[in-house]
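Each chain, written out:
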Amino acid sequence: MKNPKLFLLVVLSALAAGMAAGAAGSNVSRSVTIDGNVTNLCVLGSPNPSSVDLGVLAVTSGNSAGHLQTIANQSVQLPSSFCNYADTALTVDASALLASDTTSVQSGFTRAVNFTATVSKWATPDAAVTTAADANGVNPHAANAGGVQGAPELTDLTLTLSNFTAPGNGFLVAGSYRGSVTVTIGPALE
Amino acid sequence: MNRLATGAIALLAVAVSNMASAAGSVMGSVGIDGTVADRCVFTSTNVVLNIGEMINTSGPSGSIGLLDPSRVNSQTAVLSGLCNGTSATMSVRAFPMLNTSFAATPPSGFSKRVDFTATAQVQTNSGVVSVSNDTVSAAASVPQTVGVFANDIDVSFSNAAAVNNALLIAGSYEGSVVVTLSPST
């Protein structure tokens, strides 16, 4: 019989050689995914100036005395206005200037001054509306939407007040007059 | 007569002494050799962080619509793994958060990308090993040696910023950090 101790040594050496031939492990990876969202948002810049003073509205002398004088266009900036999503539109809602005295006016007089309000630089066409109050100031509001802006937009909006007219070119009743413009920005209506 | 008897006794004596050696203990040694391959293993799964709203929706007018960096910078994740070799390394690769629904070029004043730096950190017997990668770099970080370790790997975020610090376009955003363990260089 062969020496049993010698036989056992040969077998174990073969096993050891097999293990030494094994390769190193491969690279391993794990991921950390970070998910977030940005909500739809529109912001209008603070109006500059925040109010418009037209001063004296009526002609003070000459043939047109007492009638509405020619009033230059007025400009208000809404800087850094934006929407961070697409398909938005502006709406401009204007209220005619009305005298604080609410007494019904006599024929040939007016307590209202109409005008056109236009907000530009958002989309085409501009959001524009013209008030159509009557001499007594009835129906002073008018609103209109502008075109749809099809992409996120950041811009300085310009509100222009123009085309000041008196219904029937009547004599303006005395007193202080006040009107307003409201600009709204948001999703375009279907 | 006597000589024959003597020879027979002598042979017997020899035979007895041989058997006595065979019955005693004999020592020998057996060598056993083996190897363990260098390996690294992660013992945790992938992580998903949901950070919610990313922009300021209130506050100073100049900040509304801009990224709130703390929404990203405050995030942390924990992975865990081990390596059994002294030359094992760890590297990290960071991918920016991109708007997943807005495919077009951002209009002027807007961005659809948030960059950040990701750092993976692990405590080893040699001390803390930290490796970082920013999302602007085209490649992963240089691997750092971690050696033999079995521990948590802390992932943290910093320097979050929208491209040009612009307004972020609305939608869902996703980015990622990949941490890699390599058993040997």
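Our subject is the structure listed above.
Attention in this report is confined to the structure presented alongside it. Here the structure is a predicted model, which is why all the values come from computation and not from measurement.

**Brief notes about the overall build of chain B**
Then step 1. A count of helical and extended segments in chain B gives two helices and eleven strands.
Then step 2. Its helices and strands in sequence order give chain B the pattern α-β-β-α-β-β-β-β-β-β-β-β-β, from N to C terminus.
Then step 3. Put simply, chain B has 185 residues, and 39% of those count as buried.
Then step 4. Relative to all contacts within chain B whose residues are 6 or more apart in sequence, the contacts with residues 24 or more apart total 76%.
Then step 5. By element, 56% of the accessible surface of chain B is carried by carbon and sulfur atoms, the whole surface being about 10,000 Å².

**Quick notes on the side chain of glutamate 153 of chain A**
Then step 1. Here glutamate 153 of chain A is to be found in strand β9 (residues 153–165).
Then step 2. Despite being buried, glutamate 153 of chain A has no salt bridge partner; lysine 121 of chain A is the closest side chain of opposite charge, sitting 7.8 Å away.
Then step 3. With residues near it in sequence (within four places) discarded, glutamate 153 of chain A still touches Ser81, Phe82, Cys83, Lys121 and Trp122 of chain A together with Phe110 of chain B.

**Quick word on the environment of serine 141 of chain B**
All names here are of chain B.
Then step 1. Considering the arrangement of structural elements, one finds serine 141 in the loop between β7 (127–134) and β8 (144–145).
Then step 2. In this structure the C-alpha to C-alpha distance between serine 141 and valine 179, which are 38 residues apart in sequence, comes to 9.9 Å.
Then step 3. Not counting chain neighbours up to four residues away, the residues in contact with serine 141 comprise Ser91, Val92, Val131, Ser132 and Asn133.

**Here's the deal with the interface of chain B and chain A**
Then step 1. Between chain B and chain A, the residue contacts involve 62 residues of the former and 35 residues of the latter.
Then step 2. Contact between chain B and chain A buries roughly 3,800 Å² in total, counting both sides, with carbon and sulfur atoms accounting for 62%.
Then step 3. The interface formed by chain B and chain A contains zero salt bridges.
Then step 4. Our enumeration of links across chain B and chain A arrives at 22 residue pairs in polar contact (both at pLDDT 80 or more).
Then step 5. Elements with a contribution of two residues or more to the side of chain B that touches chain A: β1 (40–42), β2 (47–53), β3 (76–83), β9 (149–162), β10 (167–168) and β11 (171–182) of chain B.
Then step 6. Here the side of chain B that touches chain A is composed, by residue class, of 34 nonpolar, 23 polar and five charged.
Then step 7. Bridge count between strand β1 (residues 28–38) of chain A and β11 of chain B: eleven bridges; the pairing is antiparallel. Within β11 of chain B, the residue paired with serine 31 of chain A across the bridge is valine 178 of chain B.

**Some remarks on the state of the cysteines**
All names here are of chain A.
Then step 1. If you walk through the whole model with that rule in mind, you get two disulfides over all chains.
Then step 2. Covalent S-S linkage joins cysteine 42 and cysteine 83, the inter-sulfur distance amounting to 2.0 Å. Of note, the bridge from cysteine 42 to cysteine 83 carries an S-S torsion of about 110° and is right-handed in sense. Placement of cysteine 42 in strand β2 (residues 42–43) and of cysteine 83 in strand β3 (residues 74–83) is noted, with a sequence separation of 41 residues between them.

**Overview of unusual backbone geometry**
Residue and element names in this part refer to chain A.
Then step 1. Here asparagine 48 and proline 49 are connected by a cis peptide whose omega angle stands at 0°.
Then step 2. With respect to the helices and strands, proline 49 occurs in the loop between β2 and β3.
Then step 3. A cis amide bond links threonine 124 with the next residue in sequence, proline 125, at an omega value of 0°.
Then step 4. With respect to the element layout, proline 125 can be found in the loop between β6 (112–120) and β7 (127–130).
Then step 5. Positive phi is not limited to glycine here, since asparagine 139 has a value of about 60°.
Then step 6. Turning to its location among the elements, asparagine 139 is positioned in the loop between β7 and β8 (141–145).
Then step 7. Although it is not a glycine, asparagine 169 sits at a positive phi angle of roughly 50°.

**Focus: the pairing of β1 of chain A**
Then step 1. Bridge analysis of β1 of chain A against β2 of chain B gives five bridges, and the strand direction is parallel. The residue bridging aspartate 35 of chain A from the neighbouring strand is asparagine 50 of chain B, located in β2 of chain B.

**Describing the nonpolar core**
Then step 1. In terms of nonpolar packing, the biggest core is built from 47 residues, with Phe116, Ile153 and Val179 of chain B touching the most fellow members.
Then step 2. Per element, the largest residue contribution to this core is six residues, and it comes from β9 of chain B.
Then step 3. By size, the runner-up hydrophobic cluster in this structure holds 34 residues, among which are Val76, Phe115, Ala117 and Val183 of chain A.

**So, the pairing of β3 of chain A**
All names here are of chain A.
Then step 1. The pairing of β2 with β3 spans two bridges and is antiparallel. Bridging across to β3, cysteine 42 finds its partner in cysteine 83.
Then step 2. With eight bridges joining them, β3 and β9 adopt antiparallel strand pairing. Each bridged residue has a counterpart across the sheet, and for phenylalanine 82 the counterpart in β9 is leucine 154.

Cut-off values and rules
- Residues numbered from 1 in each chain as written.
- Chains lettered and ligands numbered in written order.
- Predicted model: local features only at pLDDT ≥ 70, side-chain atom pairs only at ≥ 80, totals over all residues.
- Heavy atoms only, no water.
- Helix = DSSP H or I, 4+ residues; strand = E, 2+ residues; numbered from the N terminus.
- Buried < 20%, exposed > 50% of the residue type's maximum accessible area, 1.4 Å probe, protein only.
- Contact = heavy atoms within 4.5 Å.
- Areas by Shrake-Rupley, 256 points an atom, 1.4 Å probe, with all protein chains shown as cover.
- Lys, Arg positive; Asp, Glu negative; His and termini not counted.
- Salt bridge = Lys/Arg side-chain N within 4 Å of Asp/Glu carboxyl O.
- Buried area = accessible area lost by both parts, 1.4 Å probe.
- Polar contact = N/O pair within 3.5 Å; in protein donor to acceptor, adjacent residues only side chain to side chain.
- Nonpolar A, V, L, I, M, F, W, Y, C, P; charged D, E, K, R; others polar.
- Pairing = 2+ DSSP bridges.
- Disulfide = S-S within 2.5 Å.
- Core = buried A, V, L, I, M, F, W, Y, C linked by side-chain atoms within 4.5 Å.

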